[in-house]
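This is what each chain is made of:
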Amino acid sequence: MKAKLMRVLLIASVLVFLVGCPELLEKPLTLSIPDQEVLQGETLQIELLDHVSGGIGTLVFTIEDGVGDIYGSTYTYAPGYDVFDNQSVTIRVKDDRDESVEDTFEIVV
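Along every chain, residues carry numbers that run from 1 in the direction the sequence is written. For a predicted model such as this one, the threshold for reporting local features is a pLDDT of at least 70, and the threshold for listing and counting side-chain atom pairs is 80 or more; totals across whole chains, interfaces and linings nevertheless cover every residue. Side-chain metrics rest on all non-hydrogen atoms present in the structure, leaving aside hydrogens and water.

Caption draft 1: Geometry of the packing of aromatic side chains. Classification of ring pairs uses Phe, Tyr and Trp, with its six-membered ring standing for Trp, and accepts pairs whose centres are within 6.5 Å; under 30 degrees between planes counts as stacked, over 60 as edge-to-face, and the remaining range as tilted. This structure, assessed with the given rule, holds 1 aromatic pair. Between the aromatic rings of tyrosine 75 and phenylalanine 105, the centroid separation amounts to 5.7 Å while the plane-to-plane angle is 90 degrees, which identifies the pairing as edge-to-face. Taken together, the residues span a long stretch of sequence, with tyrosine 75 in strand S7 (residues 74-77) and phenylalanine 105 in strand S9 (residues 100-108) at a distance of 30 residues. A 1.4 Å probe rolled over the protein chains alone gives each residue an accessible area, and that area as a share of the maximum for its type sets the label: buried under 20%, exposed over 50%, partly exposed in between. Among the residues examined, tyrosine 75 registers a relative accessible area of 0% and is labelled buried. What makes phenylalanine 105 buried here is its relative accessible area of 1%. In DSSP terms, a helix is any run of H or I states spanning at least four residues, a strand is any run of E spanning at least two, and both are numbered starting from the N terminus.

Caption draft 2: Representation of the environment of serine 32 within the structure. Position of serine 32 relative to the elements: it lies in the loop between strand S1 (30-31) and strand S2 (36-37). By definition in these notes, contact holds between two residues if any of their heavy atoms fall within 4.5 Å. Once you skip the residues sitting within four places of it in the chain, serine 32 turns out to touch His51 and Asp103.

Caption draft 3: Representation of the nonpolar core in the model. Residues belong to one nonpolar core when they are buried, are Ala, Val, Leu, Ile, Met, Phe, Trp, Tyr or Cys, and are joined through side-chain atoms within 4.5 Å. Counting 17 residues, the largest nonpolar core has Tyr75, Ile91, Phe105 and Ile107 as its most contacted members. Elements supplying a minimum of two residues to this core: strand S3 (44-47), S7, strand S8 (87-94) and S9. Ranked by residues supplied to this core, first place goes to S8 with 3 residues. Aside from chain neighbours lying at most four places away, what touches phenylalanine 105 is Ile33, Pro34, Asp35, Gln36, Ile46, Tyr75, Gln87, Ser88, Val89 and Ile91.

Caption draft 4: Representation of the sheet that holds S2 in the model. What the 4 strands build is an open sheet, ordered S2-S9-S8-S5; its pairing is mixed. Sheet topology places S2 and strand S5 (60-65) at the edges, where each strand pairs with a single neighbour. Strands pair, by our definition, only if DSSP identifies at least two bridges between them.

Shown next, in the form of structure tokens:
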């Protein structure tokens, strides 16, 4: 009986601790964007939220290196007919804790 009571108290203590520290329940922030393909004159759109996990609060995306634009959480790139080379793009995501990660992917044109 005492052992059962001790287990219940231990579990309750751990739950109270975790509820008081929600960041311990969060998964680490990760970003993983696969390589992409787009034809000249077409527009590539990537919903970046589909490629991120973890993090707390609002996520902010920025292009650290490469081509294209980000509007909210959507990356877009429209290569002209004069683009013949593959493009490398590095995107960073930051959350409300100022935790950030980046990922680099290739665009085959």
